[in-house]
Structure formats: C-alpha cells, structure tokens
Amino acid sequence: MENKFDRGSSLSIFGSDRREDFMALVFALVIAFSVYAAY
Amino acid sequence: MVYTKKSPALFIIGVIMLAIWYAAGNGMLDGYMEHLAAGKKYKYGAELMSIPMYFGLISVVIGAWQWFGSHTEGSWDYYSSTIAGGMFILLIAMLVRWFVAPEVAVISMSFGKIGDTGKYIHKLLGLNYVVMGIVTGIIIVNVFKVPEWAQNGVRLSRLGLKTGVILLGTLYSAAELKNLGGLSIIMIGFFVLGSVGLVLWMGARRGIPNSMGGVLSAGMGVCGVSATVASAPVVQAKSVEIAYTIGTILLWGVGCMFIFPIIGNLLGMSYVQFGAWAGTGILNSAQVAGAALAYQPDGIETLKVAEIFNITRVLVLPIIVLWLAVWYVKREESVTETVNVGQVVFEKFPVFVLGFILLFALSTTGMFAPANHYKGKYFDNTNVKASKMMTEKQIAVLTANSDKVQRADRKAALSRLIAGGKIASIEDDATIRGLANSKIMGKESGKILKKAHKAVRHTAKKIKAFRQWITWLFAFGLVGLGMQITVSSMKQAGGQPAVIGGVVGLTKAVLSLVVVLLIVSETV
C-alpha cells in the first residue's frame, strides 16, 4: 500500500514497530486485567 | 495535515450496528437466524445481543462529533481519526462472521457432502468467516478502494493482530508448553535453519545480490515481515529488496493460507497436527493465524498450537541475525559500514513476543485458571453438580457391560467410577476417556462414559473470555490485512526472489507435512 500519511508507515499508524509492539502490550495488559477483575 | 474527515460514515456505521442489535434483541432476525443455523442452534445469538450495542454507541457518539465538530491538526486528530476505519473493519468482520459465512455454509450444505471426504464444500475449501473476511478486504482495496475516511484506521489491523498474539499467552500453562515446546523447538530449528541455508545456497547459484539473498532467507526461514525488517540492516538490504521479500512472503503466504486448510481437511489432520504444520510451513504470523482459524473457525485449539510453533520460530530470530551477519561480512568485501549485531537484535526484536511470554508467565501462576489447565479446561471432581452425577440406571448399564473390559487399569478406573458415581482422579479421567473412545463397551456405555468425563472437566470463565477477545482481535486484524494486499504488492514478488521463495516455501511445506504426519499425534 502506498504511504499517503505524514505519520506512521503504510502498514501502521505508529512511527516504529517497537512503538506498535508496546501499544499492543498496553492494550493486551488492559484487557487481561479487565478480564481478571470481571470474572 | 488534518486526518479527521467531516463525513457521516462513522455515524452511519454506528446506526447500522445498533439496528443489528435492536433487530436481534426484538426477535426480528429469529427467522433468518433459524435459516442460518440449518437445523441447529444459531451460534452467535449471544454476540448479536451485546457486541453491536457497545460498538454502535461508541460509533454514533464519536461519529456525530467527527461529522459536526471542528477538527484541528494534532495527535488527538491523528489517533481519533483511526476510529472510523477501525469500526469499518469491525462492521465487515461482524457481517461476515454472523451472516455471510453461515449463509455460504447453508448454500454449501444444500449441495451435499463431497465424495468420500464426508465433508461439505465450504469445509473443504475452508470458506469461513476468517477467509471470507480477508477476501472481502482484498476485494474492497482492489476493486472499490478503501474509502478515504477509513484509510488511516485500516493501519490498525497489525496492532489488533499483535494484541491478539500477546493475549494468546493467557491460554497456555507451563505443563502444556513443556510437552509442546520440545517438539516445536526441534521442528522449528530444523526447518528454519534448513530454509535459511537453502535460500542462501540457491541465491548464490542464481546470482542474486548477497543483500537480497540475506533478507529473503530471513523472511522465508523465520517469521515473514518481522524477520525481514530485523535482518535488513545486517545485510544492508535496499528498500526495493525489502519490498520484494515482503511481496514474496505475502504472495506465498496468501496461497498457503487458502491451500493448507484444504489439504488438512483432505488428509483429516487433527487440530494439533494442523497447528504444527501451519506454524512450521507458513511464513507470516498473521497468515499462520488465518490458516489455523480457517481450519478450526469455532475453536482455538489449532490456533494455539500454530502460535506456539510460530512463536518458537520468532525466538530463533536472534540466531539467524547472527548467522546472516557473519555470512554477509564474509561474502561482501565491499562492506564498509560496521554493523553492531547485538544492537540490531536489541532494536529490532519484536517486543510483542516478550508480551506473550509475560502473559504466559502470569497464566502459569494460576492467575487466570487453575495452573493445571489444558486448553482452558481443567479437572475438578470436587464440585460435580448433582444433575451431572451418574444415575442408578446409568450405573446399571455400565455394570452390565463391565465384563467386556479386559485391561486392568481400565477395569480399576471403571469400578471406581461405578462405586463413586463420578470419576475419581485425573488419571482415571484419562483412562475413562480412552475407554470411551475404544467403543469396547458399546454405544450406550460410551455415551455415559463421555458424560462422566465432561462432568469433571471445567472451562475457566476467564479463559473463555480471553478466547472471545482473541477471536475478535484476529478477525479484526485479518480483515484489515486483506485491505492491505494490493495487486501491485503481489506483483512485486515477481522474478528471481519469487522463484527462490516458491521453491524453498514448497520444500518446507511438503517436508514439514511429512514430518508432522509421521511424528505428531493427537496430543503432542
């Protein structure tokens, strides 16, 4: 996909893979602890 | 640049979601759901009553603000503008999962089962919500183009996939990984190192640049795009070579994603066998997940095994990077720029793999389910409901057929079951399950034994919730992935890299299939 964005890459809204990985980690931990608390 | 479009699109998406929720909740879809269920219970009724309501409300509120509000350049504008594309992907995933895929199944079943396979066309071709979601994404991007208001959000799909991979760690326990890990390490070690070596050898024979061969070998051997990106600076690959490699991986992976489930169905592979094969033979993490979900759309056992193999493969990445660095430095006399391998590994190693390991560690402590759980299920005979205890009639049937049992361990487990009205221990549970599968005691006794087994097996509620999250994160990610597969990106795989990639990919797929069929049994 051609990159039409001045931020991130054509495949991600984040500037680097590392930042995307960290965001995924944050989301996963939020979901995990929500499930832990709710059930 | 202002990213938020003053468009009614997100608001309309929200209204559609709320309409689905309202129609389902008020019985307006009952007739259609009955048609889609084809004589069984419609599987997605509970999802229809909740998911579209939550996401519909969010979409309507934010959609109204995007439509009528004023927007200025900045981080808030940049990130909030992704919501429209994200909800667009989610709506497609919902429609495909709840309506399109079941409708295709109904049509497929109307043609009857195919020959000796004993399976319907849609099962054989793996036509389920996962595959149809990706195909819908490919059609949208290549035929209609992704709408401008959704383009920023489509780039969220990889984030969804990575979040799903991290959460998969919650489903594993140390006991499970201990058994599976040994085999996955041996198989992955053999096939990863073999693939890298074969690409480098073929690349040298066919005269492609060392940088091209190096980056292609990492992509073909390890884990697709992540490995390509990680190894590129080590072999000083040019951007066009990285693009060629990614194109080759995606093209090969897309083919595998569709063909692997068909072959798996034809050979009648178990979930564990198919998961091991997909995790070894398919190159890209997302496509491994796609094939595993295509093979088993309503369960997660195949996906779990495939991801264990896939994660093992990613963990080999530092070794490959080191190998390539040494190989490249030896072959390239013209290398002038010093490459710090340790720094490259530190900078490029995918952190989401560490996230997976972190949640696996938390899961192993028993935080989400009893530590002895296997696939989210665990043995517990202390809380068997009275309704699930064996009745006198059932005990009489088992007693009448007990003479047919010859093996001492089975006899002992059966007598303890008859005496106690429930399975006595986890060892007895395995023995009774084997006895039921052997069909020695006849059909009726077999059913009773299976019921006794189910009575002492429990599914952890937390694990059930995690499965739901993972399924949706992957459905979301894969629809978005489809929207990133353009015809031009596939054409990039043409030429020598595609030939080498094809030969190595095919060799790996066939050899790993043979190995899996020979040494992987139902439970590894």
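A quick note: this is a predicted structure, and the numbers were derived from the prediction, not measured.

Reading the values: rules and limits
- Residues numbered from 1 in each chain as written.
- Chains lettered and ligands numbered in written order.
- Predicted model: local features only at pLDDT ≥ 70, side-chain atom pairs only at ≥ 80, totals over all residues.
- Helix = DSSP H or I, 4+ residues; strand = E, 2+ residues; numbered from the N terminus.
- Buried ≥ 20, exposed ≤ 12 C-beta atoms within 10 Å, placed from the backbone.
- Contact = placed C-beta atoms within 7 Å.
- Axes fitted to C-alpha atoms, helices over the stretch in contact; angles between N-to-C directions.
- Parallel < 35°, antiparallel > 145°, perpendicular 65-115°, else oblique.
- Left-handed = near helix turned anticlockwise from the far one by under 90°.
- Nonpolar A, V, L, I, M, F, W, Y, C, P; charged D, E, K, R; others polar.
- Core = buried A, V, L, I, M, F, W, Y, C linked by C-beta atoms within 7 Å.
- Domains from an automatic or database assignment.
- Expected span 1.5 Å × (residues − 1).
- pLDDT = per-residue confidence, 0-100.

A. A look at the overall build of chain B. A count of helical and extended segments in chain B gives 26 helices and 2 strands. Put simply, chain B has 524 residues, and 48% of those count as buried. Sequence-distant contacts, at least 24 apart, represent 81% of the contacts inside chain B between residues at least 6 apart.

B. Here's a closer look at the overall build of chain A. Along its length, chain A carries 1 helix and 0 strands. Every one of the 39 residues in chain A was classed for burial, and the buried ones make up 28%.

C. Main features of the packing of helix α9 (residues 157-168) of chain B against helix α24 (residues 461-482) of chain B. Residues and elements named next belong to chain B. In the contact formed by α9 and α24, the axes pass within 7 Å of each other and the chain directions differ by 150 degrees. One element, α9, and the other, α24, form an angle in the roughly antiparallel class. Note that α9 runs across α24; the crossing there is left-handed. For the pair formed by α9 and α24, the contact residues are S157, R158, G160, L161, T163, G164, L167 and L168 on the first element and F466, W469, I470, L473, F474, F476, G477, G480 and L481 on the second. Of the residues contributing to the contact of α9 with α24, the split by class is 10 nonpolar, 6 polar and 1 charged.

D. Geometry of helix α14 (residues 271-281) of chain B. Summarising burial for α14 of chain B: 11 of the 11 residues are buried, a large majority. For α14 of chain B, the full list of buried residues reads Y271, V272, Q273, F274, G275, A276, W277, A278, G279, T280 and G281 of chain B.

E. Spatial organisation of the interface of chain B and chain A. The interface of chain B with chain A comprises 29 residues on the first partner and 24 residues on the second. Mapped by element, the contributors of at least two residues to the side of chain B that touches chain A are α8 (151-154), α9, α19 (351-364) and α24 of chain B. Tallying contributions element by element places α9 of chain B first for the side of chain B that touches chain A, with 6 residues. Partitioned by chemical class, the residues of the side of chain B that touches chain A number 16 nonpolar, 8 polar and 5 charged.

F. Summary view of the nonpolar core. In this structure, L167, A291 and I320 of chain B are the most contacted members of the largest nonpolar core, which totals 141 residues. By residue number, the principal contributor to this core is helix α5 (residues 82-110) of chain B, which donates 14 residues. Two domains each donate at least three residues to this core, and these are domain 1 (9-128) and domain 2 (168-372 + 462-473 + 489-519) of chain B. Setting aside residues no more than four positions away along its own chain, L167 of chain B makes contact with A28, I31 and A32 of chain A together with L359, F466, W469, I470 and L473 of chain B.

G. Examining the environment of T364 of chain B more closely. Mapped onto the elements, T364 of chain B comes out in helix α19. Each C-alpha atom of the pair T364 of chain B and G169 of chain B lies 9.4 Å from the other, and the pair is 195 residues apart in sequence.

H. Quick look at the packing of helix α15 (residues 285-295) of chain B against α24 of chain B. Residue and element names in this part refer to chain B. At a minimum axis separation of 11 Å, α15 and α24 run at an interaxial angle of 115 degrees. Relative to α24, the crossing made by α15 is left-handed. Contacts from A286, A289, G290 and L293 of α15 reach α24 at F474, G477, L478 and L481. Each residue belonging to the contact of α15 with α24 can be placed in one class, and the counts come to 6 nonpolar, 2 polar and no charged.

I. Structural view of the environment of M87 of chain B. All names here are of chain B. Among the secondary structure elements, M87 is positioned in helix α5. With 25 C-beta atoms counted inside 10 Å, the residue M87 sits in the buried group. In this structure the C-alpha to C-alpha distance between M87 and I58, which are 29 residues apart in sequence, comes to 9.5 Å. Once you skip the residues sitting within four places of it in the chain, M87 turns out to touch L10, I13, F55 and S59.

J. Local environment of unusual backbone geometry. All names here are of chain B. In this structure, A38 is a non-glycine residue whose phi angle is positive, near 50 degrees. Relative to the helices and strands, A38 is located in the loop between α2 (30-37) and α3 (45-68). Residue classification places A38 among the exposed residues on the basis of 12 C-beta atoms within 10 Å.

K. Quick peek at the environment of G169 of chain B. Residue and element names in this part refer to chain B. One can find G169 in the loop between α9 and α10 (174-206). Once the C-alpha coordinates of G169 and T486 are considered, the two residues, 317 residues apart in sequence, prove to be 32 Å apart. Not counting residues within four places of it along the chain, the set of residues in contact with G169 comprises F356, I357, L358, L359, F360 and S363.

L. Structural detail: α24 of chain B. Between the first and last C-alpha of α24 of chain B there are 32 Å, a value that for 22 residues agrees with the 32 Å anticipated at 1.5 Å per step. Counted residue by residue, α24 of chain B has 16 buried out of 22 residues, so it is predominantly covered.

M. Up close: the confidence of the model for chain B. Residues and elements named next belong to chain B. Averaged over chain B, the pLDDT score is 84; the fraction of residues at 70 or greater is 88%. Across chain B, the secondary-structure element scoring lowest on mean pLDDT is helix α18 (residues 341-348), at 66, and the one scoring highest is helix α1 (residues 9-25), at 97. Across the whole predicted complex the pTM is 0.75, and at the interface the ipTM reaches 0.95.

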